[in-house]
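Report on the structure
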Amino acid sequence: MTRESTRSVEVSGLKREFKSKSGPVVALDGVSLDVGEGEIFGVLGPNGAGKTTMIRILSTLLLPTGGAAKVMGFDVEHEPEKVRRVINMASGAEKAGYDFISAKRNLWFFSQLYGMPSALAEKRITELSETLGLTKYLDRKFYALSTGYRQRATIARAFINDPKVVFLDEPTIGLDVMTARSIRDFLRSEASKNGRTIMLATHNMAEVEAICDRVAIIDKGKIIAAGTPEELKRRLGAPALVMEVSPPPKDLEMLRLVAGVKGFTSSADDERELSTIQVVVESDAASKGALDAMTASGHKVVASWRKEATLEEVFVALVGSGFKEREEEVGS
Ligand SMILES: Nc1ncnc2c1ncn2[C@@H]1O[C@H](COP(=O)(O)OP(=O)(O)OP(=O)(O)O)[C@@H](O)[C@H]1O
Ligand SMILES: [Mg+2]
């Protein structure tokens with residue numbers, strides 16, 4: 001099979017402008033990306049980056065003002081009813097459901113909107129509730145569910161119609177660690193076992209690292225980096241080798257000569273007569289080269305370990321400030 005035929009989502013030069021009192025706001029500014037079948041694709045970005053706008057366009061709730069997007073080969077602008085037949089979506093921020101009917105009735109209601117035969121609907125509700133740990137709470141009225149269970153029900157709803165592609169906007173926002181984890185486990189199994197494509201918008205980097213096969217980092221409506229979480233971290237060339245060296249070297253010229261070493265920083269601990277050196281490397285071979293060079297220069301490597309860059313470090317390197325600071329800026 002060619003890659004072409006396994007694309008579930010194709011976005012090309014997508015634009016969306018909103019009119020506002022203070023002039024036009026460009027929410028999406030020429031975004032292009034592809035998502036393969038069975039892939040979990042993360043759209044990661046700070047507040048106002050354009051994530052929700054993208055999810056809404058792809059799930060046919062909003063029209064683009066430029067560019068194009070296809071889901072399972074159908075154009076979101078010109079064939080929305082065909083797109084709707086193969087997708088579903090949910091937003092963690094909304095946790096939508098009818099308050100005065102039970103969780104089960106809610107799921108049933110949505111299954112009927114999709115015209116599912118009764119027996120099949122029953123079966124799906126039972127299965128989804130079991131995998132999402134919702135079974136015990138099915139008979140509770142929606143309003144009486146805790147945030148976590150309401151969210152589980154919202155997620156169940158997004159998979160009720162056996163969708164090929166599911167769009168999720170902040171699926172675990174506001175949830176405790178255990179609930180978030182069980183939802184992530186569920187999403188991962190839906191992608192790997194049932195071949196569903198999942199595109200999720202989030203500003204949670206741990207979420208992306210935990211479940212996304214690939215990620216696009218967006219900021220101000222533009223993709224600023226894309227790849228697997230590993231690739232992004234590697235491309236950044238963040239500190240990957242840390243060594244404690246004794247005695248503290250007078251200079252680090254020996255590291256400069258090692259192929260694949262991109263840079264280093266060090267700090268000396270005079271009391272312990274040690275230097276801690278962080279080496280930015282391209283590959284494991286370069287790490288080994290750095291260790292060998294240090295030993296060959298007459299220094300003892302007391303300890304060494306690999307340090308993985310976090311996506312947060314990647315983001316900081318790309319955008320120049322962390323998410324938290326951004327959020328404070330936006331909030332103030
Ligand atoms: N209906 C609208 N009218 C005017 N501007 C809008 C509208 N919807 C979104 N925007 C603007 O478009 C930009 C992108 O918004 P969007 O909601 O897509 O961001 P986001 O990445 O989902 O942010 P968050 O993390 O806060 O959910 C923002 O500047 C926002 O103010
Ligand atoms: Mg949003």
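What comes next concerns the included structure. (Residues numbered from 1 in each chain as written. Chains lettered and ligands numbered in written order. Predicted model: local features only at pLDDT ≥ 70, side-chain atom pairs only at ≥ 80, totals over all residues. Heavy atoms only, no water.)

Describing helix H5 (residues 147–159)
Note the cut-off: Numbering of helices and strands runs from the N terminus, with a helix taken as a DSSP run of H or I at least four residues long and a strand as a DSSP run of E at least two residues long. Residue count minus one, scaled by 1.5 Å, sets the expected span of a helix. Only protein chains enter the area calculation, which uses a 1.4 Å probe; residues under 20% of their type maximum are buried, those over 50% are exposed, and those in between are partly exposed. Any two residues whose heavy atoms approach within 4.5 Å are treated as being in contact.
Taking 1.5 Å per residue, 13 residues should reach 18 Å; H5 reaches 19 Å between its end C-alpha atoms and fits that length. Summarising burial for H5: 11 of the 13 residues are buried, a large majority. Restricting attention to buried positions, one finds in H5 the residues Gly148, Tyr149, Gln151, Arg152, Ala153, Thr154, Ile155, Ala156, Arg157, Ala158 and Phe159. Elements that come into contact with the buried residues of H5 comprise strand S6 (87–91), helix H3 (103–113), helix H4 (118–131), strand S7 (165–169), helix H6 (177–194) and strand S8 (197–202).

A short note on the site of ligand 1
The following threshold applies: Throughout this document, a residue counts as near a molecule or strand when at least one of its heavy atoms sits within 4 Å of that molecule or strand. Between N or O atoms, a polar contact is any pair within 3.5 Å; within protein, one atom must be a potential hydrogen donor and the other a potential acceptor, and residues adjacent in sequence are included only when both atoms are from side chains. Computed with the Shrake-Rupley method and a 1.4 Å probe, the accessible areas treat only the protein chains shown as cover for residues. When residues are grouped by polarity, Ala, Val, Leu, Ile, Met, Phe, Trp, Tyr, Cys and Pro land in nonpolar, Asp, Glu, Lys and Arg in charged, and all others, Gly among them, in polar.
Around ligand 1, a shell composed of Phe18, Val25, Ala27, Pro46, Asn47, Gly48, Ala49, Gly50, Lys51, Thr52 and Thr53 is seen. Note that an oxygen atom of ligand 1 is positioned 2.7 Å from one of the backbone N or O atoms of Gly48. In the complex, 62% of the free accessible area of ligand 1, which totals 640 Å², lies under the protein chains. Going through the elements one at a time, strand S2 (23–36) and helix H1 (51–58) are the ones with two or more residues in the shell around ligand 1. When residues in the shell around ligand 1 are grouped by element, the largest group, three residues, is from H1. Taken together, the residues that form the shell around ligand 1 break down as five nonpolar, five polar and one charged.

Points about the sheet that holds strand S9 (residues 214–219)
Whenever strands of a sheet pair, they do so through backbone hydrogen bonds, lying parallel or antiparallel. The test is simple: Paired strands, as defined in this entry, are two strands with at least two bridges between them according to DSSP. Angles run from 0 to 180 degrees between N-to-C directions of axes, and those axes are lines fitted to C-alpha atoms, restricted for helices to the stretch in contact.
Ordered in space as S6-S7-S8-S3-S9-S10, the six strands form an open sheet in which the pairing is mixed. Both outer strands of the open sheet, S6 and strand S10 (222–227), are each paired with one neighbouring strand and no more. Taken over all neighbouring pairs, the strand axes of this sheet differ in orientation by 15 degrees on average, direction set aside. Pairing analysis gives five bridges linking strand S3 (residues 40–44) to S8, with the strands arranged parallel.

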